[in-house]
Amino acid sequence: MGSGNNNFLQVVLKNFDVLALPLVALVYPLYASIRAIETKSRSDDQQWLTYWVLYSLITLFELTFAKLIEWFPIWPYAKLIFTCWLVLPQFNGAAYVYKHFIRPYYMNPSAAQIWYVPRKKSIFSKPDDILTAAEKYIEQHGTEEFERLITKKNKSVWND
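Residues numbered from 1 in each chain as written. Predicted model: local features only at pLDDT ≥ 70, side-chain atom pairs only at ≥ 80, totals over all residues. Heavy atoms only, no water.

J.: Hey, could you run me through the overall build of the protein chain in this one?
T.: In terms of helices and strands, the protein chain carries 8 helices and 0 strands. Starting at the N terminus and walking to the C terminus, you meet the elements of the protein chain as α-α-α-α-α-α-α-α. Looking at the protein chain alone, contacts between residues at least 24 apart form 48% of all its contacts between residues at least 6 apart. On the protein chain, roughly 13400 Å² of surface is accessible, and the fraction owed to carbon and sulfur atoms is 67%. (Helix = DSSP H or I, 4+ residues; strand = E, 2+ residues; numbered from the N terminus. Contact = heavy atoms within 4.5 Å. Areas by Shrake-Rupley, 256 points an atom, 1.4 Å probe, with all protein chains shown as cover.)

Structure representation (structure tokens):
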């Protein structure tokens, strides 16, 4: 009888990530999200809405890179640890991610332009588009000079 309990314990320990991940990633967040809906607190709503967004991104990442992730046996454990950090109230990881990464870019849309990658110039590429040329002209000559240039050009077009 003792060896049967020992085998059961070995199976549980070997598959800890498979057993714990659904509890940590789905069951507790579902319960906490329902509880958050029933409170008037904005902070718990933010925590759980952010959690579900991050959970969706993690799931999309896993679906996209499933074949690559198979090569990393530590992935389920890393995901479990990261999910615990996002979920557990002692850490409030999802709220941290929102406060330090998502909110700064949402509140300042110009900062979101970090994703802009300028085109690589080669001898075969087209010259810069009109917006880029206008921005360069404004940087070099100032806004007033740019407005004067446009006014001058508009007058010449209407007079022709």
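J.: Teacher, can you tell me more about the environment of Tyr137 here?
T.: If you trace the backbone, Tyr137 turns up in helix H7 (residues 130-141). Under the relative-accessibility criterion, Tyr137 is labelled partly exposed at 21%. Setting aside chain neighbours within four positions, we find Tyr137 in contact with Gly142, Glu145, Phe146 and Leu149. (Buried < 20%, exposed > 50% of the residue type's maximum accessible area, 1.4 Å probe, protein only.)

J.: I keep staring at helix H3 (residues 42-64) and nothing clicks. Help me out?
T.: Since the α-helix advances by 3.6 residues per turn, residues separated by three or four positions end up pointing in the same direction. For H3, with 23 residues, the first-to-last C-alpha span of 33 Å sits near the 33 Å given by 1.5 Å per residue. Among the residues of H3, Asp44, Gln47, Trp48, Thr50, Tyr51, Leu54, Tyr55, Ile58 and Glu62 are the ones counted as buried. Those residues of H3 that are buried lie in contact with helix H2 (16-38), helix H4 (66-69), helix H5 (75-87) and helix H6 (93-107). (Expected span 1.5 Å × (residues − 1).)

J.: Honestly, the layout of surface pockets in this entry has me stumped. Any pointers?
T.: Where empty space is left can be seen by rolling a probe of water-molecule size over the atoms. If you add up the space inside the largest pocket, you get close to 190 Å³. Forming the boundary of the largest pocket are 14 residues, of which Arg35, Asp44, Gln47, Trp48 and Asn92 lie nearest the centre. Among the residues making up the lining of the largest pocket, the classes are represented as 8 nonpolar, 4 polar and 2 charged. (1 Å grid on protein atoms, 1.4 Å probe; cavity = no way out; pocket = protein on both sides within 12 Å on 5 of 7 lines; lining within 4 Å. Points joined across faces, edges and corners; volume = space filled by probe spheres on them. Nonpolar A, V, L, I, M, F, W, Y, C, P; charged D, E, K, R; others polar.)

J.: Just to check I follow, could you spell out a nonpolar patch on the surface for this structure?
T.: Together, Phe61, Phe65, Leu68, Trp71, Phe72, Ile74 and Tyr77 make up a nonpolar patch on the protein surface, roughly 810 Å² of accessible area in all. In this fold, Phe72 is placed in the loop between H4 and H5. You can call Phe72 partly exposed: its relative accessible area is 48%. (Patch = residues over 30% accessible without salt bridge, like charges linked within 9 Å, V, L, I, M, F, W, Y side chains within 5 Å. Salt bridge = Lys/Arg side-chain N within 4 Å of Asp/Glu carboxyl O.)

J.: Before we go on, may I ask you to explain the side chain of Gln47 in this structure?
T.: As for its placement among the helices and strands, Gln47 is situated in helix H3. The buried category is assigned to Gln47, whose relative accessible area is 3%. In terms of polar contacts, Gln47 uses its side chain to reach the backbone carbonyl oxygen of Leu86, at 2.9 Å. Polar contacts involving the side chain of Gln47 include one to the main-chain amide nitrogen of Ala95, which spans 3.0 Å. In contact with Gln47, other than residues within four places in its own chain, are Leu86, Val87, Asn92, Gly93, Ala94 and Ala95. (Polar contact = N/O pair within 3.5 Å; in protein donor to acceptor, adjacent residues only side chain to side chain.)

The values are spatial; any link to function lies outside them.
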